[in-house]
Amino acid sequence: MAALLLNRSFFCHLFLFLFCLPSINTLSTVSISQTPNSNQTFICVLQHPNQQGQSNLNCTTFPRTQTPPFTLDVNPTVTYSQIVGGNGFVCALGPSSSSSSIMGCWRFSGNASNVPYKRIYNGSLLQDIDSSHSHVCGLVNNNDSGLKLECWQWHDFNSSSGSLRNMSMSSIAVGENFVCGLSPTGDVKCTGTGRVNNSRVVVDVPPPGGNYTFLAAGVRHACVLSGDGGLDCWGDMEGEKPEGRFVSLALGENRSCALGHDRRVVCWGSNNFTMLQSLQDTFFESIVAKKSVFCGVVSSDFSFLCWGSPYFDSDSKVFEDVLPGPCRNKCPCGPLPNSAKLCQSSDVICQPCSPQVVQSSLPPPPPPPSPSPSPSQPLLPSNNSRWSSRMVAFLVVGCVGCSSLLLVIAFFLHRHCKSKRRGSRVHDSGRLDDESSHSQPQPQTEAGSRVLQKRLSHVISMGNGSPLEEFSLQTLLQVTDNFSEEKRVGIGSFGSVYRATLEDGKEVAIKRAEASSSTYTVLGAQVDKDNAFVNELESLSRLHHKNLVRLVGFYEDTKERILVYEYMDNGSLSDHLHKLQTSALMSWPVRIKVALDAARGIEYLHQYATPPIIHRDIKSANILLDAKWTAKVSDFGLSLMGPDPEDEEAHLSLLAAGTVGYMDPEYYRLQHLTPKSDVYSFGVVLLELLSGYKAIHKNENGVPRNVVDFVVPFIFQDEIHRVLDRRVPPPTPFEIEAVAFVGYLAADCVRLEGRDRPTMSQVVNNLERALAACLAQPILSRSTTHSSSQ
């Protein structure tokens, strides 16, 4: 029984360590690199991406020169999550989804001023990357065995051997030719590949025992922090370690610094290295080091200061508004004050918890029960043993409390999510009535008819300076030859489309709802045609943009629903990509121009319409071309008034609708509709434009295949030329970078998570650049598109 209780105490202690105690921020938001064969230092930091579409990765060179010798070819719309650096390289992690990651590096070489980006990893979710002066390592999420160590730029390193082979790791630290891992239970182990720079001093001599919460590595030594902030170090460390309690470490070569619980930095090392006198009373949130250079993020304003080399001026700031740690959506001990300005959406940066804070948040232990020991062995160890009865009771109560809290939270989250999936709406700007929120069609009762009339009256009365014409049924029958098959040119969201010429000579397209049914099917769901009719009438009556099809008028009675549009002479984009043998869209500049036109129309819906509009059915068949080959977005039968575009967390919760192959998988899976759902659909259109394949097409074996699954891997491998539409002449040297750039943009648009996709404004900006590059010397690369922006 005693063993059982001790085991329970151990597991509860483990539970508290893993789930109740906050983890210290270990994500690297700063990289320090030395340029090869020079005395220059290249410092990069992560910041909040601004509204001008600039990247959150920014860099500078020291000593400062009028023109920095190196600039990274950085993607202005990618949001990077971690960065590391070393001798002649900078690596960045991002964009990432919930299940996969991409990491690439910029390597300095020769006298090149513009350092190109090269991807080195694309696979399962990668966490907690770290680097030494030469190597990069990370923890890869392996669903079968947890986190697995992998390293790059380390040819003779074998992650499957050594003391870390079977160790479950929560974080790592990389030194020169050695790497150490910290387990979830606080154990530390190290492994290495040679005796270069005495790295075996760290590997051969085990670290002191204890349950640790933080791990850091220098060039030839390593240090850990215990749960109460105590500092232990081993290896070839110079100087005498300080006394005190600490929350973070930064280790260099022969030098070390530690961030105390009071947020002040203390340093020690060779030649009596100490913190600069002018910075000893400065409060920091995080610190980092590489060889002789040390830097930190200031608590008061998140500015960035460096020390350790004579060319750093302690009175000047290297950067403003630098992330001191990762952005998260919840914090056990509260957010850092004013940290929300550094993160996207509603995320914040967590402030670390001291042991006292964690302990005080747990329920007080009850008085110990009266013991009933057996004659031979007590049920609990005595007070002199390592585990007292009070400790066991404390841990059991804490464990049960945390477990109960998690169960309660999970229960309410389940109910909350379940209720939303039943059709509730979040952050909805509201319709004129609630009819459109029903997933099942309702019979056209007298009350339903009154609701429809009310909505129609409201739409017609809006005017917007361009009142719609209400046609007579006789006129429409006459100009369409009683809606003859000869006049029919296509099918829209809720009916057939006919070409006609009005009495004044104006050519129009007339969309008529089918009389055989009051509903139509989208992804297996029945959609009310009355709602589709009023949606389109309501949207287009108040939207005026050169890249949206213009609504001319309508007709409505108890049996007929008819809309009249301007006629688009050159049909749909889908026809030119998949049906017509000859087309004007047989050049890359024209295709990019068509994409830009359509993107501008969608951007107008998202950013400038009041209230904003989510189209919900963006596809090549709904992008039409007029006589001058201007592309316009059409078919608003599924459109909805969207949430506030400034609120990135806002969404509509409703059953999925759209077209298979174009639908946002996040919207389909979670039933959360946002403007980023249109971005995904538009990304599929871009892939169609580039490859000539349909969204859903058959491969060489006749098996259906999604264009996203087929084309995007080639884009990630920088082999887009292998999947370009063969009907279009190969891109010229001026066009190839623009085409590749659009490919990267398309891949960003179809990211699995909406927050990783660009906004339509960013898409428009990138397509404008791509089109300009077709006509002049291009200056584009992979690292100037997105992703993830959002």
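See above for the structure.
How each quantity is defined
- Residues numbered from 1 in each chain as written.
- Predicted model: local features only at pLDDT ≥ 70, side-chain atom pairs only at ≥ 80, totals over all residues.
- Heavy atoms only, no water.
- Buried < 20%, exposed > 50% of the residue type's maximum accessible area, 1.4 Å probe, protein only.
- Helix = DSSP H or I, 4+ residues; strand = E, 2+ residues; numbered from the N terminus.
- Contact = heavy atoms within 4.5 Å.
- Polar contact = N/O pair within 3.5 Å; in protein donor to acceptor, adjacent residues only side chain to side chain.
- Salt bridge = Lys/Arg side-chain N within 4 Å of Asp/Glu carboxyl O.
- Expected span 1.5 Å × (residues − 1).
- Axes fitted to C-alpha atoms, helices over the stretch in contact; angles between N-to-C directions.
- Parallel < 35°, antiparallel > 145°, perpendicular 65-115°, else oblique.
- Left-handed = near helix turned anticlockwise from the far one by under 90°.
- Nonpolar A, V, L, I, M, F, W, Y, C, P; charged D, E, K, R; others polar.
- Disulfide = S-S within 2.5 Å.
- Pairing = 2+ DSSP bridges.
- Core = buried A, V, L, I, M, F, W, Y, C linked by side-chain atoms within 4.5 Å.
- Domains from an automatic or database assignment.
- Lys, Arg positive; Asp, Glu negative; His and termini not counted.
- Phe/Tyr/Trp six-rings, centres within 6.5 Å; stacked < 30°, edge-to-face > 60°.
- Lys NZ or Arg CZ within 6 Å of the ring centre and 35° of its normal.

## Structural notes on helix 12 (residues 707–716)
Alright, step 1. Helix 12 sits mainly inside the fold: 8 of its 10 residues count as buried.
Alright, step 2. Residues of helix 12 that are buried include every one of Val707, Val708, Phe710, Val711, Val712, Phe714, Ile715 and Phe716, and no others.
Alright, step 3. In the core, the buried residues of helix 12 are packed alongside strand 7 (100–107), strand 9 (117–124), helix 11 (675–691), strand 41 (696–698), strand 42 (704–706) and helix 13 (733–749).
Alright, step 4. For helix 12, the N-terminal cap is Asn706; the gap from its side-chain oxygen to the backbone nitrogen of Val708 is 2.7 Å.
Alright, step 5. Just past helix 12, the residue Asp718 takes up positive phi, approximately 55 degrees.

## Some words on the pattern of salt bridges
Alright, step 1. Overall, the coordinates contain 24 salt bridges when judged by the stated rule.
Alright, step 2. Arg220 is the partner of Glu253 in a salt bridge, and the nearest nitrogen-oxygen pair spans 3.4 Å. In this pair, Glu253 sits in the loop between strand 19 (246–251) and strand 20 (255–260) while Arg220 sits in the loop between strand 16 (212–217) and strand 17 (221–226), placing the two residues 33 residues apart along the sequence.
Alright, step 3. Taken together, the shared-partner salt bridges connect Arg220, Asp236, Glu253 and Lys291 into one network.

## What about the environment of Ile720?
Alright, step 1. Mapping Ile720 onto the fold places it in the loop between helix 12 and helix 13.
Alright, step 2. Among the residues examined, Ile720 registers a relative accessible area of 8% and is labelled buried.
Alright, step 3. In sequence terms Ile720 and Ala740 are 20 residues apart; their C-alpha atoms lie 6.5 Å from each other.
Alright, step 4. Discounting chain neighbours no more than four positions away, the residues touching Ile720 are Leu690, Phe714, Ile715, Val739, Ala740 and Gly743.

## Observations concerning helix 9 (residues 588–608)
Alright, step 1. Taking 1.5 Å of rise per residue, 21 residues should cover 30 Å, and helix 9 covers 29 Å from first to last C-alpha, within 8% of that figure.
Alright, step 2. The element helix 9 is extensively covered by neighbouring structure, given that 16 of its 21 residues are classed as buried.

## Brief notes about the side chain of Ser248
Alright, step 1. Following the sequence through the fold, Ser248 ends up in strand 19.
Alright, step 2. When residues no more than four places from it in sequence are discounted, the contact partners of Ser248 are Phe214, Leu225, Ala258, Leu259 and Ile287.

## A few points about the environment of Gly104
Alright, step 1. Along the chain, Gly104 falls in strand 7.
Alright, step 2. Accessibility expressed as a relative area gives 0% for Gly104, which makes it buried.
Alright, step 3. The spacing of Gly104 and Gly94 is 10 residues in sequence and 8.2 Å in space, taken between C-alpha atoms.
Alright, step 4. Dropping the residues within four chain positions of it, Gly104 is found in contact with Val90, Cys91, Ala92, Tyr117, Lys118, Arg119 and Ile120.

## Quick word on unusual backbone geometry
Alright, step 1. The phi dihedral of Asn271 falls on the positive side, at around 55 degrees, and the residue is not glycine.
Alright, step 2. Its location among the elements puts Asn271 in the loop between strand 21 (265–269) and strand 22 (284–290).
Alright, step 3. Backbone geometry places Trp629, a non-glycine residue, at a positive phi of 65 degrees.

## Side note on the packing of helix 12 against helix 13
Alright, step 1. The interhelical angle for the contact between helix 12 and helix 13, taken along N-to-C directions, is 125 degrees, at an axis separation of 10 Å. Here helix 12 lies oblique to helix 13, going by the angle between them. The two elements helix 12 and helix 13 meet at a crossing, and its hand is left-handed. Here Val712, Ile715 and Phe716 of helix 12 come into contact with helix 13, specifically with Gly743, Tyr744 and Ala747.
Alright, step 2. Across the contact of helix 12 with helix 13, the residue classes tally to 5 nonpolar, 1 polar and no charged.

## Focus on the state of the cysteines
Alright, step 1. The tally for this structure, following the rule as stated, stands at 7 disulfides.
Alright, step 2. Between the sulfur atoms of Cys44 and its disulfide partner Cys59 the distance amounts to 2.1 Å. What sets the handedness of the Cys44 and Cys59 disulfide is the S-S torsion sign, and at about 105 degrees it is right-handed. Of the two residues, Cys44 is situated in strand 2 (residues 41–46) and Cys59 in strand 3 (residues 57–62); the sequence distance between them amounts to 15 residues.
Alright, step 3. Here Cys44 falls in the buried class, since its relative accessible area comes to 0%.
Alright, step 4. Look at Cys59 and you get partly exposed, because its relative accessible area is 28%.
Alright, step 5. Each sulfur in the disulfide pair Cys295 and Cys306 lies 2.1 Å from the other. The sign of the S-S torsion, about 105 degrees, decides the handedness of the disulfide formed by Cys295 and Cys306: right-handed.

## Considerations on the sheet that holds strand 23 (residues 293–298)
Each strand in a sheet pairs with another by means of backbone hydrogen bonds, the pair being arranged parallel or else antiparallel.
Alright, step 1. One open sheet holds the 3 strands; their spatial order is 22-23-24, and the pairing between them is antiparallel. A single partner strand is all that each edge strand has here, and the edge strands are strand 22 and strand 24 (304–307). Across the sheet, the axes of successive neighbouring strands diverge by a mean angle of 20 degrees, strand direction being ignored.
Alright, step 2. Where strand 23 and strand 24 come together, 4 bridges link them in antiparallel fashion. Bridging across to strand 24, Gly296 finds its partner in Leu305.

## Considering the sheet that holds strand 15 (residues 188–192)
Alright, step 1. Spatial strand order, 13-14-15: 3 strands in an open sheet with antiparallel pairing. In this open sheet, the two edge strands, each paired with only one partner strand, are strand 13 (171–175) and strand 15. Within the sheet, the average angular offset between the axes of one strand and its neighbour, ignoring direction, is 20 degrees.
Alright, step 2. Here strand 14 (residues 178–182) pairs with strand 15 via 5 bridges, running antiparallel.

## Digging into the nonpolar core
Considering soluble globular proteins, one finds that nonpolar side chains tend to be buried as a cluster.
Alright, step 1. Counting residues in each nonpolar core, the largest one holds 83 residues, and the members touching the most others are Leu72, Trp106, Phe682, Leu686, Leu687 and Leu767.
Alright, step 2. Each of domain 1 (29–121) and domain 3 (570–777) contributes no fewer than three residues to this core.
Alright, step 3. In terms of nonpolar packing, the next biggest core, distinct from the first, is built from 20 residues, Val30, Val45, Val318 and Ile349 among them.

## Structural notes on the side chain of Asp626
Alright, step 1. Checked against the element boundaries, Asp626 lands in the loop between strand 36 (623–625) and strand 37 (631–633).
Alright, step 2. The charged side chain of Asp626 is buried without a salt bridge, its nearest counter-charge being Lys632 at 4.2 Å.
Alright, step 3. Here the side chain of Asp626 touches Lys628 through a polar contact of 2.9 Å, landing on its backbone nitrogen.
Alright, step 4. Polar contacts involving the side chain of Asp626 include one to the main-chain amide nitrogen of Thr630, which spans 2.8 Å.
Alright, step 5. With residues near it in sequence (within four places) discarded, Asp626 still touches Met568, Asp569, Asn570 and Lys632.

## Section: the packing of aromatic side chains
Alright, step 1. One pass over the structure, following the stated rule, counts 11 aromatic pairs.
Alright, step 2. Measuring from ring centre to ring centre gives 5.6 Å for Tyr121 and Trp152, while their planes differ by 70 degrees; the resulting arrangement is edge-to-face. Of this pair, Tyr121 sits in strand 9 while Trp152 sits in strand 12 (residues 146–152); the two residues are 31 residues apart in sequence, bridging distant segments of the chain. A single burial state applies to Tyr121 and to Trp152, both of which are buried.
Alright, step 3. What links up through ring pairs into an aromatic cluster is the set Phe273, Phe284, Phe294 and Trp307.
Alright, step 4. In this structure, Arg705 is placed above the aromatic ring of Phe710, and the distance from its NZ or CZ to the ring centre is 3.6 Å.

## Focus on the packing of helix 13 against helix 14 (residues 760–775)
Alright, step 1. Interhelical geometry of helix 13 versus helix 14 gives an angle of 165 degrees and a closest axis separation of 8 Å. It follows that helix 13 is roughly antiparallel to helix 14 by the angle criterion. Our pair here, helix 13 against helix 14, has a crossing hand that is left-handed. Residues Phe734, Glu735, Ala738, Phe741, Val742, Leu745 and Cys749 of helix 13 touch helix 14, and the partners they reach there are Val763, Asn766, Leu767, Arg769, Ala770, Ala773 and Cys774.
Alright, step 2. Grouping the constituent residues of the contact of helix 13 with helix 14 by class yields 11 nonpolar, 1 polar and 2 charged.

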